[in-house]
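In case you want the letters, here they are:
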Amino acid sequence: MTRTRSRYAPDHGLTTRMVTTMFLIGLLYVVLVGVLLAVLRGAWPIILIFTGGLFIAQFWFSDRIAAFGMGAREVTPEEAPELHGTIDRICALADMPKPRVAIARTDVPNAFATGRGEKTALVCATTGLLRRLEPEELEGVLAHEMSHVAHRDVAVMTIASFLGVLAGIITRVALWGGLSRNRSSDPIGIAIMLIPLISAAVYCLSFLLTRLLSRYRELSADRAAALLTGRPSALASALTKVSGQMARIPTEDLRKAEPYNAFYFVPAFSSKESLGRLLSSHPTLEQRLDQLARISVELARP
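Residues numbered from 1 in each chain as written. Predicted model: local features only at pLDDT ≥ 70, side-chain atom pairs only at ≥ 80, totals over all residues. Heavy atoms only, no water.

### A look at the overall build of the protein
- The secondary structure content of the protein amounts to 10 helices and 4 strands.
- Listed N to C, the secondary structure of the protein is α-α-β-α-β-β-β-α-α-α-α-α-α-α in terms of helices and strands.
- When burial is assessed residue by residue, the protein has 44% of its 302 residues classed as buried.
- Long-range pairs, those at least 24 residues apart, make up 72% of the contacts in the protein between residues at least 6 apart in sequence.
- Working note: accessible area of the protein is about 15900 Å², and carbon and sulfur atoms make up 63% of it. (Helix = DSSP H or I, 4+ residues; strand = E, 2+ residues; numbered from the N terminus. Buried < 20%, exposed > 50% of the residue type's maximum accessible area, 1.4 Å probe, protein only. Contact = heavy atoms within 4.5 Å. Areas by Shrake-Rupley, 256 points an atom, 1.4 Å probe, with all protein chains shown as cover.)

Below, the structure is given as structure tokens:
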């Protein structure tokens, strides 16, 4: 039998954005592979094997790679009874199977979820987060992460990020190969010289698409968690506390965590000094708190 949906509030806006992102990402992927096949006609079997193999590896192993990179270690109920107890309560509220539970030993206060679906899902909290939050705040954060699993946007982000990885690899390989080639004015030489430019353009478009989806899915997870637990104020308190504590974390630790910002509850680095909201993986703290305040008003109405 097919399991019924969880009790997390559905988000049709998130579903529409995920489908649109996947369509556009797939279109970019077809364009990229098509260009490679047109330019390197004799090497099409290698291209198909390479891109197909990389896609399979990215889909099946990216969650494990990300968890390993963030230092997640799976723990038993005996090792972390409070963390497991909180996850158990959320699973009961949401009517969904329990994910694997992990802890990352770092003072950076954060949490994340990985996995292609409910059967492979892993929810992790850092020791820095567990040390700083009150039980109701921790429940709000973990409910936020569990909503990513319920809405399956973790899997979509994993697949969507594949094209950027592929385009980045092709750009570096093409540039490296171009340095060892003499400049050529023949059509093949010109076409090969265009590969880095096309790959770079695809990478930029893929990057922007995943960033736009990432920001919306964080707002969606905040809303779903607040409605499930019925305590948006606890989640708002956790957001404020974690964001404020980030400024006290050593820069070296933040830099190690920065590559995984798209997975985290709160980004490890502020991007206010960069290109701002366009390149940020998360909405601003003000946007998230404003949404939670509106939900508090909605829940208070008779």
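### Comments concerning the confidence of the model for the protein
- Summary statistics for the protein give a mean pLDDT of 79 and a share of 73% for residues scoring 70 or more.
- Taking the mean pLDDT of every element in the protein, the minimum, 65, falls on helix H6 (residues 153–179) and the maximum, 96, on helix H3 (residues 81–94).
- Every residue in residues 270–277 is under pLDDT 50, and counting partners more than four places away or in other chains gives 5 contacts. (pLDDT = per-residue confidence, 0-100.)

### A short note on the pairing of strand S4 (residues 122–126)
- In terms of burial, S4 is largely enclosed, as 5 of its 5 residues are buried.
- Of the two faces of S4, the one carrying Leu122, Cys124 and Thr126 and the one carrying Val123 and Ala125 are both buried.
- One ladder, built from 5 bridges, connects strand S2 (residues 100–104) with S4; its direction is parallel. Counted as the bridge partner of Ala102 is Cys124 from S4.
- Alignment of strand S3 (residues 111–114) against S4, held across 4 bridges, turns out to be antiparallel. In the strand pairing of S4, Thr114 is matched with Leu122. (Pairing = 2+ DSSP bridges.)

### What to know about the sheet that holds S2
- Taken in spatial order, the 4 strands line up as S1-S2-S4-S3 in an open sheet, and their pairing is mixed. The outermost strands of the open sheet, each flanked by one partner alone, are strand S1 (72–74) and S3. The average undirected angle you get between the axes of adjacent strands in this sheet is 30°.
- Sheet analysis places S1 next to S2, joined by 3 bridges and oriented antiparallel. Each residue of the ladder has a partner; that of Arg73, found in S2, is Ile103.
- In the packing of H3 onto the sheet, the strands contacted are S2 and S4, and the crossing angle to S2 comes to about 140°.
- Strands S3 and S4 of the sheet are contacted by helix H5 (residues 135–151), whose axis makes an angle of about 20° with S3. (Axes fitted to C-alpha atoms, helices over the stretch in contact; angles between N-to-C directions.)

### Re the packing of H5 against helix H8 (residues 232–246)
- At their nearest, the axes of H5 and H8 sit 8 Å apart, and the two run at 90° to each other. Judged on the interaxial angle alone, H8 and H5 are roughly perpendicular. Counting all contacts with H5, which are made through Glu136, Glu137, Gly140 and Val141, the residues of H8 involved are Ala234, Leu235, Ser237, Ala238 and Lys241.
- Classifying every residue of the contact of H5 with H8 by side-chain character gives 4 nonpolar, 2 polar and 3 charged. (Parallel < 35°, antiparallel > 145°, perpendicular 65-115°, else oblique. Nonpolar A, V, L, I, M, F, W, Y, C, P; charged D, E, K, R; others polar.)

### Things to note about the pattern of salt bridges
- For the structure on display, the rule yields 13 salt bridges.
- Arg89 is the salt-bridge partner of Glu139, the closest N and O atoms lying 3.5 Å from each other. You can see Glu139 sitting in helix H5 and its partner Arg89 sitting in helix H3, a full 50 residues away along the chain.
- By relative accessible area, Glu139 is classed as buried at 7%.
- Using a relative accessible area of 42% as the deciding quantity, one classes Arg89 as partly exposed.
- One salt bridge connects Arg288 with Asp222, and the closest N-O pair in it is separated by 2.7 Å. (Salt bridge = Lys/Arg side-chain N within 4 Å of Asp/Glu carboxyl O.)

### Considering the UniProt feature "active site" (unreviewed entry) in the protein
- The UniProt record marks Glu145 with the feature "active site" (unreviewed entry), using the residue numbering of this structure.
- With respect to the helices and strands, Glu145 occurs in helix H5. (UniProt positions renumbered as here; feature names shortened; annotations may be inferred.)

### Digging into empty space enclosed by the protein
- Summed over the entire model, instances satisfying the criterion amount to 1 cavity of 30 Å³ or more.
- Put simply, the largest cavity is a space of about 30 Å³.
- Surrounding the largest cavity, Gly115, Arg116, Gly117, His148, Val149, Arg152, Val154 and Ala155 form its lining. (1 Å grid on protein atoms, 1.4 Å probe; cavity = no way out; pocket = protein on both sides within 12 Å on 5 of 7 lines; lining within 4 Å. Points joined across faces, edges and corners; volume = space filled by probe spheres on them.)

### Section: the packing of H3 against H5
- One can describe the packing of H3 onto H5 by two numbers: an axis separation of 10 Å at closest approach and a directional angle of 60°. The orientation of H3 relative to H5 falls into the category oblique. As for the relative orientation of H3 and H5, their crossing is right-handed in sense. On H5, the residues that touch Leu83, Thr86, Ile87, Arg89, Ile90 and Cys91 of H3 are Leu138, Glu139, Leu142, Ala143 and Met146.
- Residues that form the contact of H3 with H5 fall into these classes: 8 nonpolar, 1 polar and 2 charged. (Left-handed = near helix turned anticlockwise from the far one by under 90°.)

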